[in-house]
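Fold and geometry: a report
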Amino acid sequence: MNENAAVMSEVETFIAQWQTGNEMMRGCFEDLLLYISDLDNVSLTFVARPGISYSLRPKHINQTERDLFAIIDVIDDDPEERWLSVCFYGDMITDPDERGEVVPGGLTGSDGYCFDMYQGDLDLTNYLKERLRESYRKASR
């Protein structure tokens, strides 16, 4: 998708400007980015709000009722201590390990699950990839 190329360029610029000192967190974000960018029939949107968040929003081309199937936010309230908040619609994923936080009405007005990562965590990153796959599959229907 050509529109994804422009988004990926914007995201790569953001990653290149990520301050040193938190490479593990940056690596987890990049890992999730690569994972969703490899999924078929997904368009990406990137919303940059410096000082607040940088938000990556994937949408399956078959989705008609919702504008995304996940949000991967880099929270930017302290650029030296950025952290991730990855959120999903509550009806699109399971959370078998109960690692997420239920957020009533917190995802574009719908109930959601958010998973916050304050330190680079490869185990949680892999868990989130499983949730991304679940959400992607439900969005494709």
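Right above here is the structure, for reference.
In this text, all values refer to a predicted model and were calculated from it rather than measured experimentally.

What follows deals with the overall build of the protein. Helix and strand counts for the protein stand at three helices and six strands. Helices and strands appear in the protein in the N-to-C order α-α-β-β-β-β-β-β-α. Against the compact-globule benchmark of 14 Å for 141 residues, the protein has a radius of gyration of 14 Å, which places it among compact chains. The C-alpha extent of the protein, read off along each of the three principal axes, is 40 × 35 × 25 Å. Within the protein, buried positions represent 44% of all 141 residues. Pairs at least 24 residues apart make up 51% of the contacts formed inside the protein by residues separated by at least 6 positions. Only carbon and sulfur atoms are counted for the fraction: they give 43% of the accessible area of the protein, which is about 7400 Å².

Joining two cysteines, a disulfide is a covalent bond between their sulfur atoms. All chains considered together, the criterion is met by one disulfide. Here C87 connects covalently by a disulfide to C114, the sulfurs 2.1 Å from one another. Across the disulfide from C87 to C114, rotation about the S-S bond amounts to roughly 110 degrees, and the bridge is consequently right-handed. Linking C87 in strand β4 (residues 83-89) with C114 in strand β6 (residues 110-117), this pair joins segments that are 27 residues apart in sequence. No difference in accessibility class separates C87 from C114, as the two residues are buried. Free of any disulfide, C28 has its nearest neighbouring cysteine sulfur in C87, separated by 16 Å. In this structure C28 comes out as buried when scored by relative accessible area, which is 1%.

Next up on the list: the sheet that holds strand β2 (residues 53-60). Read from one edge of the open sheet, six strands run β1-β2-β3-β4-β6-β5, paired in antiparallel fashion. The open sheet terminates on both sides in strands that have one partner only, identified here as β1 (42-49) and β5 (101-107). Neighbour-to-neighbour, the strand axes of this sheet turn through a mean angle of 25 degrees, independent of strand direction. Strand direction decides the pairing type here: β1 and β2, joined by eight bridges, are antiparallel. Residue pairing across strands places V47 opposite S55, the latter belonging to β2. Sheet contacts for helix α2 (residues 23-37): β1, β2, β3 (71-75), β4 and β6; angle to β4, the most-contacted strand, approximately 30 degrees. Against the sheet, helix α3 (residues 122-139) touches β1, β2, β3, β4 and β6, its axis set at about 155 degrees to β6.

Turning next to α3. Spanning 18 residues, α3 covers 25 Å between terminal C-alpha atoms, matching the ideal 26 Å at 1.5 Å per step. Every buried residue of α3 is listed here: L124, T125, Y127, L128, K129, R131, L132, S135, Y136 and A139. Backbone nitrogen of D123 and a side-chain oxygen of the N-cap are separated by 3.0 Å at the start of α3; the cap is D121.

Calculation rules
Residues numbered from 1 in each chain as written. Predicted model: local features only at pLDDT ≥ 70, side-chain atom pairs only at ≥ 80, totals over all residues. Heavy atoms only, no water. Helix = DSSP H or I, 4+ residues; strand = E, 2+ residues; numbered from the N terminus. Rg over C-alpha atoms; globule rule 2.2 N^0.38 Å. Buried < 20%, exposed > 50% of the residue type's maximum accessible area, 1.4 Å probe, protein only. Contact = heavy atoms within 4.5 Å. Areas by Shrake-Rupley, 256 points an atom, 1.4 Å probe, with all protein chains shown as cover. Disulfide = S-S within 2.5 Å. Pairing = 2+ DSSP bridges. Axes fitted to C-alpha atoms, helices over the stretch in contact; angles between N-to-C directions. Expected span 1.5 Å × (residues − 1). Polar contact = N/O pair within 3.5 Å; in protein donor to acceptor, adjacent residues only side chain to side chain.

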